[in-house]
Amino acid sequence: MAKDFKDLSLPINKVIELGQVDRWLRGIAEIVPHPTDHSEDVMQERELHASVPGLTVAVLDSNAHILPFAEQNLVEQSDITRMKGFQNLIQSASRNNVRVDVENVGGAALEVNFEPDEPFSRSLVFGATYANVIPAVIGAKSSLRK
């Protein structure tokens, strides 16, 4: 009987890994940053803080997120693009008009990077660009009723 379950270990591991990736992507979709504010007041305040002598400013990259996979090469790009969490991420980035780059790093990790200074049209998701996609159109509800 034990040999019957041995054959099921890989698919079960894949299902568990897919669930973790989807849950992680849903969480990342909720923290998509807003575009950087380049108004004159905000820029003057940033310059003021940057020019204070003797003040060391550590830059924290809160826009880079990496999820290492428990087992390499179980989760494929096609699996990720079908996930609801992935769709939520792309919709949120589109709504906020923020660049998002998504990459599967060697089958060992999923990396999501936001660039609040750049528009959504510069996004690069698994090598595909969104240059021809109008922001906020992805996932928009149709105004036509059936």
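Quick look at the structure, then. Quantities reported herein were computed from a predicted structural model and do not represent experimental measurements.

### What to know about the overall build of the chain
At step 1: Secondary structure summary: the chain contains five helices and five strands in total.
At step 2: Overall, the chain shows an N-to-C arrangement of helices and strands of α-α-α-β-α-α-β-β-β-β.
At step 3: The buried share of the chain, reckoned over its 146 residues, is 31%.
At step 4: Expressed as a percentage of contacts within the chain between residues at least 6 apart in sequence, the contacts between residues at least 24 apart total 66%.

### With respect to the nonpolar core
At step 1: Judged by nonpolar contacts, the single largest core of 25 residues is most densely connected at Leu 25, Ile 80 and Leu 89.
At step 2: Looking at this core, the elements with two or more residues in it are helix H2 (9-29), helix H5 (84-96), strand E2 (99-105) and strand E3 (109-115).
At step 3: For this core, the element with the highest residue contribution is H2, accounting for five residues.
At step 4: Beyond its immediate sequence surroundings of up to four residues, Leu 25 is in contact with Ile 80, Met 83, Gly 85, Phe 86, Leu 89, Leu 110 and Val 112.

### Thoughts on the pairing of strand E1 (residues 64-68)
At step 1: Residues of E1 alternate between two faces, with His 65 and Leu 67 buried on one and Ala 64, Ile 66 and Pro 68 left unburied on the opposite face.
At step 2: For E1 and E3, the ladder comprises five bridges, and the chain directions are antiparallel. Bridged to Ala 64 within E3 is Asn 113.

Rules used throughout
- Residues numbered from 1 in each chain as written.
- Predicted model: local features only at pLDDT ≥ 70, side-chain atom pairs only at ≥ 80, totals over all residues.
- Heavy atoms only, no water.
- Helix = DSSP H or I, 4+ residues; strand = E, 2+ residues; numbered from the N terminus.
- Buried < 20%, exposed > 50% of the residue type's maximum accessible area, 1.4 Å probe, protein only.
- Contact = heavy atoms within 4.5 Å.
- Core = buried A, V, L, I, M, F, W, Y, C linked by side-chain atoms within 4.5 Å.
- Pairing = 2+ DSSP bridges.

Note that every value here comes from positions in space, so none of it alone points to a role or purpose.
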